[in-house]
Amino acid sequence: MSQGQTGKGLAVVTGASTGIGYELAKCAAQDGYDLLIAADEERINLAAENLKQFGTAVDAVEADLSTLEGVDRLVERITAGGRSVDLLMANAGRGLGKGFLDQNFSEARRVLDTNLTGTIYLIHAIGNQMRSRGEGRILLTGSIAGFMPGSYQAVYNATKAFINSFSFALREELKESGVTVSCLMPGATETEFFKRADLIDTAIGQAKKDDAGDVARIGYDAMMDGEGDVVSGWKNKLQAAVANVTPASILAHQHSKMAEPGSGTK
């Protein structure tokens, strides 16, 4: 770590320039962990400066985590620092609105590469290091969106269904290893996600959302307690429970009412 070792361990957080990722990093810093944070934008460096107020060492990597090369750059920074990762919070993710056939496929593929390929590639690298030591905690940011077919967000919701499922499978595989795997499943949260995904004119884009700090704290505490999954907020818990017993065709229709372009003005 370029800032030197000051905390009780090292936490790596991706997608940490803003939103839930930044708030997860804040939780770890307040808890005494040094930080290595990453995102694909220059603002990650400003986030690092702001996080130094909590008194632990903070380092930042600007890298495109939708690419294997970007993930390799992050892993190389960890290796160069000679430290073990105690907490890995794989939060980086992208969304994309509009109907699938109306999307630019290169943008849809970047959602896939960020949410899936980059995420599990990073977990494969760091998870192996944790398993070899017999300790470590991993938190993936899934979503309650993974419980329902995402009309007008089809690719995004499908990636979150993958993450939700993957986290439970990996948790089972590592249950005797000393490494825990947890999955945070938030609902709509007040972040830049909806602007970046071109969802501002939708009903869900204009609806009241959960606070990113509250969501992050729920996920962080669940990871530290070794819980398998946590849905943040009672409304989201209810929505997830209903989704489990509702036919997929009905869920897809309900989702279209929330995410169809222009639905926020109807």
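It should be emphasised that the depicted structure is a prediction, and the values quoted were computed from it without experimental measurement.

**Student:** Sorry, what's going on with the overall build of the chain here?
**Tutor:** Counting its regular elements, the chain contains ten helices and seven strands. Relative to the globule expectation of 18 Å for 266 residues, the C-alpha radius of gyration of the chain, 18 Å, shows essentially globular dimensions. Taking the principal axes of the C-alpha coordinates as reference, the chain spans close to 55 × 40 × 30 Å. Pairs at least 24 apart in sequence give 70% of the contacts found in the chain among residues at least 6 apart. Working note: accessible area of the chain is about 12000 Å², and carbon and sulfur atoms make up 51% of it. A gap of 3 Å separates the mean positions of the 26 positive and 33 negative side-chain charges of the chain.

**Student:** Sorry if this is basic, but what is going on with helix α8 (residues 212-224) here?
**Tutor:** Three or four residues apart is the spacing at which side chains of an α-helix point the same way, because the helix has 3.6 residues per turn. In a regular helix each residue adds 1.5 Å, so 13 residues correspond to 18 Å; α8 covers 18 Å between its end C-alpha atoms and thus fits that length. Buried-residue contacts for α8 involve α1 (19-30), β4 (87-90), β5 (136-141), β6 (179-185) and β7 (229-231). Looking one or two residues past α8, G226 carries a phi angle of roughly 75 degrees, positive in sign.

**Student:** What's the story with the side chain of S256 in this structure? I'm lost.
**Tutor:** As for its position among the elements, S256 is in helix α10 (residues 248-259). Residue class for S256 comes out buried when judged on its relative accessible area of 13%. With residues near it in sequence (within four places) discarded, S256 still touches S151 and Y152.

Quick notes on the rules
Residues numbered from 1 in each chain as written. Predicted model: local features only at pLDDT ≥ 70, side-chain atom pairs only at ≥ 80, totals over all residues. Heavy atoms only, no water. Helix = DSSP H or I, 4+ residues; strand = E, 2+ residues; numbered from the N terminus. Rg over C-alpha atoms; globule rule 2.2 N^0.38 Å. Contact = heavy atoms within 4.5 Å. Areas by Shrake-Rupley, 256 points an atom, 1.4 Å probe, with all protein chains shown as cover. Lys, Arg positive; Asp, Glu negative; His and termini not counted. Charge placed at Lys NZ, Arg CZ, Asp CG, Glu CD. Expected span 1.5 Å × (residues − 1). Buried < 20%, exposed > 50% of the residue type's maximum accessible area, 1.4 Å probe, protein only.

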